[in-house]
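# Summary of structural features
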Amino acid sequence: MAKFGINDLIDIKKKESGSETVDEYKEIWLNPRDVKPSESNFYSQENIEELADSFLAVGQQQPTVLARVNGEFRIVSGHRRNLANIKNLERGYQEYGKVRYLYRDMTPAMLELSLLMGNAYNRELTGWEKSQQAKRLKEALIRAKKEDGLKIPGKLRDVVAELMNESSTNIARMECISNHAAPEIDEEFKKGNIGISAAYEAAKLPLDEQREIAKQVSQKGGIKAKEVTERAMKKRKGKDNRKEKGFSMVQKQDMKSLPQDEKQIPEDGSVSKRETKETEQAVGGGNIRRFKKLNRHQEILREWGRER
């Protein structure tokens, strides 16, 4: 089997984007029922009947691309096209019993990479599909490196960004969503009720707050990234205020429980005369435990003095 590398993925990218013709694939005519879909395909399969109608009207302009893996032909790009051909065959158009395909021998890892690349340019992807593609593309590159010795030039995130025509910053945001978004946020993101920017801002929040936002999105039908950010800042500010208030209350109660002369804490945090005298008495009397207790007590008072 021929060596498969990053340049081959770039060739697929060029082929699918229409910028260049690739001659590495061979032509073959097959029955569309004998072609197997890729098991890892997660892209939507809609409007098959309309596509079949267009094939009858103007013909199939772009052939389905296949990978021959262990003797089986699996679809790399063109799942909808193959389903449209099967639809026309079911309608009684026997000429669709043999359809033109392009194929190449591949390993399972390279099939996954080619599937992701092939679907990146022949359809309009949703934000959720883009984030899934970035995640799967990264995993497939790691797998191909491990199983097939694929050489990855530079940083993995930069390679993913180049293959997807995205910035590294956008890929980082997609990774944050995939790794940290609550299932409820991911579900609303998949439905299209929340955009990629809002999903990214939500993914940075604690899970309980994410679930609250997902519930709000489900009821309202959508939310903007600005609303998520403002909501998070408002909650964070409220928590900080409660913490400050709580600390102040505890500090006052602790100060009330001290003897009168211990409330007078010097600004420089120095030890009072009373503390020095008690320490000397404790050591002189051989009471080591009391000495340690007084010493720790003095340290706490000094620390409070510095804070005040």
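Per chain, residues are indexed from 1 in the order of the written sequence. Restriction of local features to residues with pLDDT of at least 70 applies here, the model being predicted, together with a cutoff of 80 or more for giving and counting side-chain atom pairs; totals for whole chains, interfaces and linings are based on all residues. Only hydrogens and water are set aside when side-chain values are computed; all heavy atoms of the structure are taken into account.

### Examining the packing of helix H8 (residues 183–191) against helix H10 (residues 207–220)
Two packed helices can be described by the angle between their axes and the distance between those axes. Viewed as axis vectors pointing N to C, H8 and H10 meet at an angle of 30°, and their least axial separation amounts to 8 Å. The angle between H8 and H10 places the two elements in the roughly parallel class. Two packed elements cross with a definite hand, and for H8 against H10 that hand is left-handed. Between H8, through Glu184, Ile185 and Glu188, and H10, the contact on the second element is made entirely by Gln210, Arg211, Ile213, Ala214, Val217 and Ser218. Ten residues, namely Ala, Val, Leu, Ile, Met, Phe, Trp, Tyr, Cys and Pro, are considered nonpolar, four, namely Asp, Glu, Lys and Arg, are considered charged, and the remaining ones, Gly among them, are considered polar. Classifying every residue of the contact of H8 with H10 by side-chain character gives four nonpolar, two polar and three charged. Under this scheme, a helix contributes an axis fitted over its contacting stretch, all axes are lines through C-alpha atoms, and angles between N-to-C directions fall in the 0 to 180 degree range. Segments assigned H or I by DSSP are reported as helices when at least four residues long, segments assigned E as strands when at least two residues long, and all are numbered from the N terminus. Angle categories: roughly parallel below 35 degrees, roughly antiparallel above 145, roughly perpendicular from 65 to 115, and oblique for all the rest. Should the near helix be turned anticlockwise from the far one by less than a right angle, the crossing is termed left-handed; should it be turned clockwise, right-handed. Pairs of residues are marked as contacts when any of their non-hydrogen atoms sit within 4.5 Å.

### A few points about unusual backbone geometry
Its identity is not glycine, yet Asn70 carries a phi of approximately 55°, on the positive side. Among the secondary structure elements, Asn70 is positioned in the loop between strand S2 (64–69) and strand S3 (72–77). For Asn165, which is not a glycine, the phi torsion comes out positive at approximately 60°. Its place among the elements puts Asn165 in the loop between helix H6 (156–164) and helix H7 (168–180).

### Description of the sheet that holds strand S1 (residues 26–30)
Backbone hydrogen bonds hold the strands of a sheet together, and the pairing may be parallel or antiparallel. Spatially, four strands are ordered S1-S4-S2-S3 in an open sheet, and the strand pairing comes out mixed. The sheet is open, and its two edges are formed by S1 and S3, each paired on a single side. Each strand axis lies, on average, 45° off the axis of its neighbour in the sheet, ignoring direction. One bridge is not enough; two strands pair if DSSP finds at least two bridges between them. In this structure, S2 lies alongside S3, joined through five bridges in antiparallel fashion. Looking at S3, one finds that Arg68 is bridged to Phe73.

### Concerning the confidence of the model for the protein
Each residue carries a pLDDT score, the predictor's confidence in it, ranging from 0 to 100. Averaged over all residues, the pLDDT of the protein is 76; the fraction at 70 or higher stands at 64%. By mean pLDDT, helix H12 (residues 260–263) is the weakest element of the protein at 45, and S1 is the strongest at 94. This model gives residues 17–22 a pLDDT under 50, and the stretch forms six contacts once residues within four places in sequence are excluded. Here residues 257–271 is modelled with pLDDT under 50, and outside its nearest four sequence neighbours on either side it reaches 21 contacts, counting other chains as well.

### A few points about the packing of aromatic side chains
Any two aromatic rings considered together are summarised by their centre-to-centre distance and by the angle between their planes. When the centres of two rings from Phe, Tyr and Trp lie within 6.5 Å, Trp using its six-membered ring, the rings pair. Their planes under 30 degrees apart give stacked, over 60 give edge-to-face, and anything left gives tilted. Inspection of every chain in the model, using the stated rule, returns one aromatic pair. Judged by centre distance (5.3 Å) and plane angle (85°), the rings of Phe73 and Tyr103 are edge-to-face. Taken together, the positions of Phe73 in strand S3 and Tyr103 in strand S4 (residues 99–105) put the pair 30 residues apart, joining distant regions of the chain. Any residue under 20% of the maximum accessible area for its type is buried, any over 50% is exposed, and the rest in between are partly exposed; the area is computed with a 1.4 Å probe on protein chains only. Given a relative accessible area of 16%, Phe73 falls into the buried group. Tyr103 sits in the buried class, given a relative accessible area of 10%.

### Description of the nonpolar core
Among soluble globular proteins, nonpolar side chains are generally buried collectively. Nonpolar cores were defined as sets of buried Ala, Val, Leu, Ile, Met, Phe, Trp, Tyr and Cys residues, with membership established by side-chain atoms within 4.5 Å. The biggest cluster of nonpolar side chains holds 26 residues, and the ones touching the most others in it are Leu113, Leu137, Leu141, Val160, Met164 and Ile171. Broken down by secondary-structure element, the contributors of at least two residues to this core are S2, helix H4 (108–118), helix H5 (127–148), H6 and H7. In terms of residue count, the dominant contributor to this core is H4 (six residues). Look past the residues within four positions of Val160 in its chain and what remains in contact with it is Ala134, Leu137, Lys138, Leu141 and Ile171.

### Things to note about the packing of H6 against H7
Their axes nearest at 9 Å, the elements H6 and H7 cross at an angle of 105°. Put simply, H6 runs roughly perpendicular to H7. Facing H6, whose interface residues are Arg157, Asp158, Val160, Ala161 and Met164, H7 presents Ser168, Ile171, Ala172, Met174 and Glu175. Residue composition of the contact of H6 with H7, by class: six nonpolar, one polar and three charged.

### Here's the deal with the environment of Ala84
In this structure, Ala84 sits in helix H3 (residues 79–90). For Ala84, a relative accessible area of 0% puts it in the buried group. When the C-alpha atoms of Ala84 and Ala52 are compared, they prove to be 4.5 Å apart, with 32 residues separating the residues in sequence. Sequence-distant contacts of Ala84, defined by excluding residues within four places in its chain, comprise Ile48, Leu51, Ala52 and Phe55.

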